[in-house]
Amino acid sequence: MTKLLQWLFGVSLLGAVWALVSFDLLDLSLPQTYREVAWPMPLYLLVSFGCYSLATVGYRVATFNDCEAAAKELQEQIKEAKEDLRKKGLKV
């Protein structure tokens, strides 16, 4: 099972449970407070997921490792390419 199918299965399962509780489709006789709490739950989950994603991206950016050796190698390759283009007659 791919990751996409796992996520779709989980989201559809949560959606089905939410619909059952919010709309009382099975006549479970749940108290009104359960339905009042369940109704905005997708919005709360969406906001929570957004906050988690933002925090994850921020953490990954803050702890990103610099690759100084790769940067030096890239700068040398750029210099070599410029010299090669100058030899071929391109003005850089």
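About the thresholds
Residues numbered from 1 in each chain as written. Predicted model: local features only at pLDDT ≥ 70, side-chain atom pairs only at ≥ 80, totals over all residues. Heavy atoms only, no water. UniProt positions renumbered as here; feature names shortened; annotations may be inferred. Patch = residues over 30% accessible without salt bridge, like charges linked within 9 Å, V, L, I, M, F, W, Y side chains within 5 Å. Areas by Shrake-Rupley, 256 points an atom, 1.4 Å probe, with all protein chains shown as cover. Salt bridge = Lys/Arg side-chain N within 4 Å of Asp/Glu carboxyl O. Helix = DSSP H or I, 4+ residues; strand = E, 2+ residues; numbered from the N terminus. Buried < 20%, exposed > 50% of the residue type's maximum accessible area, 1.4 Å probe, protein only. Phe/Tyr/Trp six-rings, centres within 6.5 Å; stacked < 30°, edge-to-face > 60°.

- Under an unreviewed UniProt entry, the protein chain has the name Dolichol-phosphate mannosyltransferase subunit 3 and belongs to Parambassis ranga.
- In the Subunit (unreviewed entry) part of its UniProt record, the protein chain is described as follows: "Component of the dolichol-phosphate mannose (DPM) synthase complex."
- According to the UniProt record, the Function (unreviewed entry) comment for the protein chain reads "Stabilizer subunit of the dolichol-phosphate mannose (DPM) synthase complex; tethers catalytic subunit to the ER."

1. Details of a nonpolar patch on the surface
Then comes step 1: Taken together, the side chains of L14, V37, M41, Y44 and L45 define a hydrophobic patch exposed on the protein surface, amounting to about 490 Å² of accessible area.
Then comes step 2: Counting residues per element, the nonpolar patch draws most heavily on helix α3 (residues 41-62), at three residues.
Then comes step 3: Summarising the element assignment, L45 is placed in helix α3.
Then comes step 4: On the basis of relative accessible area, L45 is assigned to the partly exposed category, the value being 47%.

2. Some points on the packing of aromatic side chains
Then comes step 1: Summed over the entire model, instances satisfying the criterion amount to three aromatic pairs.
Then comes step 2: Measuring from centroid to centroid gives 5.6 Å for F23 and W39, while their planes differ by 75°, and the two rings are edge-to-face. Taken as a pair, F23 in helix α1 (residues 3-23) and W39 in the loop between α2 (32-38) and α3 lie far apart in primary sequence, 16 residues in all.

3. Concerning the UniProt feature "transmembrane region" (unreviewed entry) in the protein chain
Then comes step 1: Mapped onto this structure's residue numbering, the UniProt feature "transmembrane region" (unreviewed entry) falls at residues 43-62.
Then comes step 2: Split by type, residues 43-62 is 100% helix and 0% strand. Its first and last C-alpha atoms lie 28 Å apart.

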